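A look at the structure
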Amino acid sequence: MLLAHAIANTFRQHFQGEPLMVRAPGRVNLIGEHTDYNAGYVLPAAVDKEIFFAVALNQTDTIRLVAHDLNKKFSVAAESVQRSNTGWANYLLGVVAQFQQRGIAVPGFDCVFGGTIPMGAGLSSSAAVECGLAFALDQLLGTQLDRLTLAQMAQKAEHEFALVQCGLMDQFASLFGRQGQVVRLDCRSLQYEYFPFDTTAAQVVLCNSGVKHSLASSEYNTRRQECEQGVAVLQQYEPTIQSLRDATPELVRAHEQELGDVVFRRCLYVVEENLRVEAAGRHLLAGDLAAFGREMYASHAGLRDLYEVSCPELDVLVAAAQQAPGVFGARMMGGGFGGCTINLVAPNQVEAFIAHQTAAYQQQLGLELETYTASIVAGVGEWIAPTAE
Ligand code: GLA
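About the criteria used
- Residues numbered from 1 in each chain as written.
- Predicted model: local features only at pLDDT ≥ 70, side-chain atom pairs only at ≥ 80, totals over all residues.
- Heavy atoms only, no water.
- Near = heavy atom within 4 Å.
- Polar contact = N/O pair within 3.5 Å; in protein donor to acceptor, adjacent residues only side chain to side chain.
- Areas by Shrake-Rupley, 256 points an atom, 1.4 Å probe, with all protein chains shown as cover.
- Nonpolar A, V, L, I, M, F, W, Y, C, P; charged D, E, K, R; others polar.
- Domains from an automatic or database assignment.
- Helix = DSSP H or I, 4+ residues; strand = E, 2+ residues; numbered from the N terminus.
- Buried < 20%, exposed > 50% of the residue type's maximum accessible area, 1.4 Å probe, protein only.
- Pairing = 2+ DSSP bridges.
- Salt bridge = Lys/Arg side-chain N within 4 Å of Asp/Glu carboxyl O.
- Contact = heavy atoms within 4.5 Å.
- Axes fitted to C-alpha atoms, helices over the stretch in contact; angles between N-to-C directions.
- Phe/Tyr/Trp six-rings, centres within 6.5 Å; stacked < 30°, edge-to-face > 60°.

**As for the site of the ligand**
Around the ligand lies a shell formed by R27, E33, H34, D36, Y37, C166, G167, M169, D170, Y220, G334 and G335. One nitrogen or oxygen atom from the side chain of R27 is found 3.1 Å from an oxygen atom belonging to the ligand. For the ligand, whose accessible area on its own is 310 Å², the fraction buried by protein is 92%. Among the residues forming the shell around the ligand, the class breakdown is 4 nonpolar, 4 polar and 4 charged. Taken together, domain 1 (2-198 + 377-382) and domain 2 (203-374) each give at least three residues to the shell around the ligand, which thus spans both.

Written out as structure tokens, the structure reads:
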């Protein structure tokens, strides 16, 4: 049975009425890591690892939530929504609070959700949960908020209820994804451009390190602060600098002493990564996957050595990919400290690549490797059951 049907059935078991069905994808990011909150560029895409929702207003004052995968329930009075001690519920409650903060009354509703996005794998399951509910409530309440507003509300939910000071990339990718295309977002102007991604030339393969680092959110917030410190120092010399987006590697290098070792390396990584995203976009348009892949390897080296958000397992996977057949490029993906590597692989070599990576991970670390071949899909939308079921 399709997972979406199972979610709809769970809804019917717990609640009355016919739910609105919504699908919200996770994301990959080809390049542009830790650049979003520095007003830079990112190059993500929505993928076929998704969360499904069954949602309906229930004519009461109570919000009732069911996590299908965890087999857990949570309810709360709609008027007293606040951050709870239940981690999974907070992503949903955070979204409700965003509607309420805009003066939109949220009545009682029922929601069952579950999906295929592995948790803690760096595929943004949390953004998918937030964006899916934001879209569903917008539909059910008739608020007609645009997708950018929904993405920003979902991002604020993450800030206020999950306490991660994330940028906009994940929520943007989940809501703005297009089938077969990657999207380059300028996180300052919020202008974006789609690029076709030719899956006959390269497949996106993800290697899940299986590492879920408990430091991820605290270190994430620390990186953000270090970047802000860097901006404050550089501003003393170049008053026009508003964010690291405005700085160049030359400027950062010229102020190495004043920045201090750690902040210097954080800043240098970010300014170089922005240049890599721009170059990568040109390579993608030119169909030069080898050159694109070199930017990915350079991105990984920067994340490992300068930004220091990688971990030994991710480094082993990227080093192994460099020796594997048919690989254009590889790097760690997302916030870091675990999760997946993203690999661009020639389609006829995908099987050999997976076998190579699995063997290397086993031999070098004694660990089992989970891999996924990702397809690029459309962003959040209503899910309609296929007719020929
Ligand atoms: C996490 C955050 C994003 C982004 C990435 C790193 O996924 O949610 O906003 O900062 O890390 O690029």
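Don't stop here, the text continues.
**Points about unusual backbone geometry**
With a phi angle near 60 degrees, Q59 is a residue other than glycine that sits in the positive phi range. With respect to the secondary-structure elements, Q59 resides in the loop between β3 (44-57) and β4 (62-67). Here L190, not a glycine, exhibits a phi torsion of approximately 65 degrees, which is positive. Tracing the sequence through the fold places L190 in the loop between β7 (181-186) and β8 (192-196). Under the relative-accessibility criterion, L190 is labelled partly exposed at 22%.

**Let's talk about the pairing of β8**
As judged from the 5 bridges shared by β7 and β8, these two strands associate in the antiparallel manner. Within β8, the residue paired with V182 across the bridge is F195. Taking the residues between adjacent antiparallel strands as the criterion, β7 and β8 are bridged by 5 residues, where L190 takes a positive phi near 65 degrees.

**Considerations on the pairing of β7**
Most of β7 is tucked away, with 5 of its 6 residues classed as buried. In this structure, strand β2 (residues 41-42) lies alongside β7, joined through 2 bridges in antiparallel fashion. The partner of V42 across the bridge, within β7, is L185.

**Notes on the pattern of salt bridges**
Tallied over the full model, the rule gives 18 salt bridges. A salt bridge links E226 to R266; its shortest N-O distance comes to 2.7 Å. Of this pair, E226 sits in helix α6 (residues 216-237) while R266 is found in helix α9 (residues 261-286), placing the two residues 40 residues apart along the sequence. Take E226 and R266: they sit in the same class, and that class is buried. Close ionic contact of E308 with R266 constitutes a salt bridge, the shortest N to O distance being 2.9 Å.

**What about the sheet that holds β2?**
Spatial ordering of the open sheet is given by β2-β7-β8, a layout of 3 strands whose pairing is antiparallel. Among the strands making up the open sheet, the edge pair consists of β2 and β8. Together, β2, β7 and β8 form the strand contacts of helix α5 (residues 169-176), whose direction differs from that of β8 by roughly 60 degrees.

**What about the environment of E368?**
Looking at where E368 falls in the secondary structure, it is placed in the loop between α12 (350-365) and β12 (370-374). Judged by relative accessible area, which is 76%, E368 ranks as exposed. On a C-alpha basis, the gap between E368 and G210 in space is 8.4 Å, while along the polypeptide they are 158 residues apart. Excluding anything up to four places from it in sequence, E368 contacts Y361 and Q362.

**Here we look at the packing of aromatic side chains**
Given two aromatic rings, one states the distance between the centres and the angle between the planes to describe the pair. Within this structure, the stated rule accounts for 11 aromatic pairs. Here F74 and W88 contribute two aromatic rings whose centre-to-centre distance is 6.4 Å and whose plane-to-plane angle is 80 degrees, an arrangement assigned as edge-to-face. Of this pair, F74 sits in strand β5 (residues 72-77) while W88 sits in helix α2 (residues 87-101), placing them 14 residues apart in sequence. Both residues of the pair, F74 and W88, count as buried.

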